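# What the coordinates show
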Amino acid sequence: MNIQHTFPLNIFRAYDIRGKLSNLTPNIICSIAYALASQYKNAEQTQVVIGYDARLSSPAYANIIQQIFERQGLHVINIGCCSTPMMYFIARDFGGNGIMVTASHNPKSDNGIKWILQGEPPTPETIQQVGQFAQIALIQNDNIFCLENTAHHIVPEYCLQYQHSLLTDIQLARPLKVVLDGLNGSAGRCAKLVLEKLGCTVIALRCDANGHFPDHAPDPSHAEHLTKLQAAILAEKADIGIALDGDGDRVVLLDENAHIISPDRLLSLFAQMCLQQHPHKEIVFDVKCSRLVADTVQRLEGRAKMIRTGSSFLRTYLSQSKGAAVFGGEYAGHYVFNDGRGFGYDDGLYAALRVMEYLTQSGASSLSELLSGYPERCCTEDTYINTHDANPHQVLNDIAILSHGLGARLSKIDGVRLDFDDGFGIIRASNTGEYFTVRFDADNQNRLIEIRQKFVVMLQDQYPQIAQELAQTE
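Each chain has its residues counted from 1, following the order in which its sequence is written. In keeping with the predicted nature of the model, local features appear solely for residues at pLDDT of at least 70, side-chain atom pairs appear and are counted solely at 80 or more, and the whole-chain, interface and lining totals rest on all residues. Based on all heavy atoms of the structure, the side-chain values leave hydrogens and waters out of the count.

### Quick word on the pairing of strand 8 (residues 240-244)
Each residue's exposure class comes from its accessible area (1.4 Å probe, protein chains only) as a fraction of the maximum for that residue type: buried when under 20%, exposed when over 50%, partly exposed otherwise. A run of H or I in DSSP becomes a helix once it reaches four residues, and a run of E becomes a strand once it reaches two; helices and strands are each numbered from the N terminus. Counting buried positions along strand 8 yields five of five residues, so the element is predominantly enclosed. Strands are labelled as partners when DSSP assigns at least two bridges between them. Bridging between strand 6 (residues 177-181) and strand 8 involves four bridges; their strand directions are parallel. Within strand 8, the residue paired with Val178 across the bridge is Ile240.

Shown next as structure tokens:
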């Protein structure tokens, strides 16, 4: 059998490794571990932190990686079941080297790996190199690992260190009533403890790690996943609702009326918070954000910078900005503070705490009042469209060519984005799956439908299946 045809190179994505368990088998994990160990050793690193999420396979996969690393002479610190932000934080004390076994917000049938080397996330090129090395390692090593049910362990020492960092940073002027939904991921337990230690009344939903994810995938970006949270906010008359994704690096916030705060509005609030303290600095956001964000930054006399989607690209840009950029965020719910507070990585809990702090110190009576200056846009959620076996790059190139004459500003930073004076549409090849992601935004609902229809018309002749699916999005 040809190993090139059986090795799942498609799991090596633009900013992490992620895929179905049918592809990400124990032996594949073993081969990836050899590749990662080589990467750390080539950088003359000797110690690495390993954490893992709530998925049933994650502790066993972390153990495989640990075994391989130790065979390769690396010292491994296994910090147990934790959030990705907690792994990032603990890794700071170990050369900035850390591995997280997680598939983030993906379904329970998936798993994956995120990592940092000397504090930096991997580049797309580095990830592909790991894939190529892992393919060779699979041929050269005949290790057979059986996936055993391994218990998830919480290591209090590291949880307490992470909690202490948040508690010393955040100053609430008054306690708040919070409904926290951990979506059965690995971040809920620790987040609940932090909120309680800040004096808040906490109503906890699904805060115990449960890799069965009995309700749905741990993805808070879908409104239908937040119905329990919304009901609890109203029933408990809470001040705020917080929903964390599977590994805790993304967050969705809801106001006291159980209204989901769109990422565009939240990014605008973060820009306001940071530019008040750091005027004229740069605010970074990804291509899926609406004009509301850029307009807010410019109105506040900051500098707006749009970059490609991907939390690792966002963190790298901020770290290389040498303090010029004080905040960065993504429509997907990744928010990174680079303003002298926080730690320069995406942490859903920390972002929520910064909003809570600002709310209690602002004089506003409620979160909805605080956000009243940023009206809701007419927009679609991030929507996934099947590629229907079409070449994604060819599809995007064809749309870019066909868009001439529409009176739109074309951006090809990441996919194809068309900006009109009253809205925009974007289609891009996903970095984490075999599909396109599309999003539309406009001043009003009729205009949103018109902009979407322009994309449908451009696709209709050459890609009728994609066009049909796009026409049915809401």
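There is more to say, and it comes next.
### Describing the pattern of salt bridges
In what follows, salt bridge is the name for a side-chain nitrogen of Lys or Arg lying within 4 Å of a carboxyl oxygen of Asp or Glu. Taken as a whole and assessed by the stated rule, the structure comprises 27 salt bridges. Here Arg439 ties to Asp264 by a salt bridge, and the two come within 2.8 Å at their closest N and O atoms. Here Arg439 is found in strand 19 (residues 435-442), whereas its partner Asp264 is found in helix 9 (residues 263-277), with 175 residues between them in sequence. Classification of Asp264 by relative accessible area gives buried; the value is 1%. The shortest N-O distance in the salt bridge between Arg377 and Asp443 comes to 2.9 Å. One end of the pair, Arg377, is in the loop between helix 13 (367-370) and strand 14 (378-379); the other, Asp443, is in the loop between strand 19 and helix 15 (445-460), with 66 residues separating them in the sequence. Looking at Arg377, the relative accessible area reads 21%, which means it is partly exposed. Classification of Asp443 by relative accessible area gives partly exposed; the value is 47%. The structure contains a network of salt bridges with shared partners spanning Asp181, Arg206, Asp215 and Lys228.

### What about the sheet that holds strand 13 (residues 335-337)?
Taken in spatial order, the four strands of this open sheet run 11-10-12-13, and their pairing is mixed. Only two strands of the sheet have a single partner each, and these edge strands are strand 11 (303-307) and strand 13. Neighbour-to-neighbour, the strand axes of this sheet turn through a mean angle of 20 degrees, independent of strand direction. Where strand 12 (residues 325-329) meets strand 13, three bridges bridge the pair, whose relative direction is antiparallel. Each bridged residue has a counterpart across the sheet, and for Phe327 the counterpart in strand 13 is Phe337. In what follows, a contact means two residues having at least one pair of non-hydrogen atoms within 4.5 Å. Helix axes use the C-alpha atoms of the stretch in contact, all axes being lines fitted to C-alpha atoms, and the angles between their N-to-C directions lie in the range 0 to 180 degrees. Helix 9 contacts strand 10 (282-286), strand 12 and strand 13 of the sheet and is inclined by roughly 5 degrees relative to strand 13.

### Some points on the state of the cysteines
Our working definition of a disulfide is a cysteine sulfur pair at a distance within 2.5 Å. With the rule as written, the count across this model stands at zero disulfides. Looking at the unpaired Cys289, the closest cysteine sulfur is the one in Cys379, lying at 11 Å. What makes Cys289 buried here is its relative accessible area of 0%.

### Topic: the confidence of the model for the protein chain
Values of pLDDT, ranging from 0 to 100, describe the predictor's confidence in every residue of the model. Per-residue confidence for the protein chain gives a mean pLDDT of 94; residues scoring 70 or more make up 96%. Here helix 1 (residues 3-6) stands out as the least confident element of the protein chain, with mean pLDDT 56; strand 6 is the most confident, with 99.

### So, helix 7 (residues 188-197)
Working note: α-helix, 3.6 residues per turn, so residues spaced by three or four point in the same direction. Of all the positions in helix 7, only Gly188, Cys190, Ala191, Val194 and Leu195 are classed as buried. Projected onto a plane normal to the axis of helix 7, the buried residues spread over an arc of 165 degrees and lie on a single side. Looking at the buried residues of helix 7, the elements they touch are helix 6 (156-169), strand 6, strand 7 (201-205), strand 8 and helix 12 (348-362). Downstream of helix 7 by one or two residues, Gly199 has phi in the positive range, about 90 degrees. Along the arc lie the directions from the helix axis toward the C-beta atoms.

### Observations concerning the pairing of strand 12
Across the five residues that make up strand 12, a large majority, five, are buried. Relative to strand 12, strand 10 runs parallel, the two being bridged by four bridges. If you follow Glu282 over to strand 12, its bridge partner there is Ala325. Counting the residues that bridge the hairpin from strand 12 to strand 13 gives five residues, and of these Gly333 lies at a positive phi of roughly 105 degrees.

### Some thoughts on the packing of aromatic side chains
Two rings belonging to Phe, Tyr or Trp (six-membered ring only in the last case) form a pair when the distance between their centres is within 6.5 Å. Interplanar angles under 30 degrees mark stacking, angles over 60 mark edge-to-face geometry, and anything in between is tilted. Tallied over the full model, the rule gives 14 aromatic pairs. Between the aromatic rings of Phe440 and Phe455, the centroid separation amounts to 5.3 Å while the plane-to-plane angle is 75 degrees, which identifies the pairing as edge-to-face. With Phe440 in strand 19 and Phe455 in helix 15, the pair connects residues that are 15 residues apart, well separated along the chain. Through a chain of ring-to-ring contacts, three or more aromatic side chains come together here, namely Tyr88, Phe89, Tyr162, Phe343 and Tyr345. A positively charged side chain is recorded as over a ring if its NZ (Lys) or CZ (Arg) lies within 6 Å of the ring centre. The angle to the ring normal must also be within 35 degrees. Above the plane of the ring of Tyr331 lies Arg439, whose end atom (NZ or CZ) is 3.6 Å from the centre.

### Some thoughts on the sheet that holds strand 9 (residues 251-254)
An order of 7-6-8-9 is seen for the four strands of this open sheet, with the pairing classed as mixed. Edge positions in the sheet fall to strand 7 and strand 9, since each has one partner strand and no second. Recorded for the sheet is a direction-independent mean angle of 20 degrees between the axes of neighbouring strands. One ladder, built from five bridges, connects strand 6 with strand 7; its direction is parallel. Bridge assignment links Val179 to a residue of strand 7, and that residue is Ile203. Together, strand 6, strand 7 and strand 8 form the strand contacts of helix 7, whose direction differs from that of strand 6 by roughly 170 degrees. Helix 8 (residues 227-236) contacts strand 6, strand 7, strand 8 and strand 9 of the sheet and is inclined by roughly 165 degrees relative to strand 6.

### Considerations on the packing of helix 6 against helix 12
Contact geometry of helix 6 with helix 12 gives a least axis separation of 11 Å together with a crossing angle of 20 degrees. As the angle between them shows, helix 6 and helix 12 are arranged roughly parallel. Where helix 6 crosses over helix 12, the handedness of that crossing is right-handed. Counting all contacts with helix 6, which are made through Tyr162, Leu166 and Asp169, the residues of helix 12 involved are Leu349, Tyr350, Leu353 and Glu357. Classification used: nonpolar for Ala, Val, Leu, Ile, Met, Phe, Trp, Tyr, Cys and Pro, charged for Asp, Glu, Lys and Arg, polar for all others including Gly. Per-class residue counts for the contact of helix 6 with helix 12 are five nonpolar, no polar and two charged. Orientation categories follow fixed angle ranges, with anything under 35 degrees roughly parallel, anything over 145 roughly antiparallel, 65 to 115 roughly perpendicular, and all other angles oblique. By definition, turning the near helix anticlockwise from the far helix through less than a right angle yields a left-handed crossing, and turning it clockwise yields a right-handed one.

### Regarding the nonpolar core
In this structure, Ile79, Leu195, Ile242, Leu253, Phe270, Leu353 and Met356 are the most contacted members of the largest nonpolar core, which totals 71 residues. Leu253 has contacts with Ile240, Gly241, Ile242, His259, Ile260, Ile261, Leu266, Ala352 and Val355, leaving out every residue within four places of it along the chain. What makes a nonpolar core is a set of buried Ala, Val, Leu, Ile, Met, Phe, Trp, Tyr and Cys residues whose side-chain atoms join them at distances within 4.5 Å.

### With respect to the environment of Ser312
Looking at the element boundaries, Ser312 is found in helix 11 (residues 311-320). Distance in space between the C-alpha atoms of Ser312 and Ile116 is 9.6 Å, their sequence separation being 196 residues.

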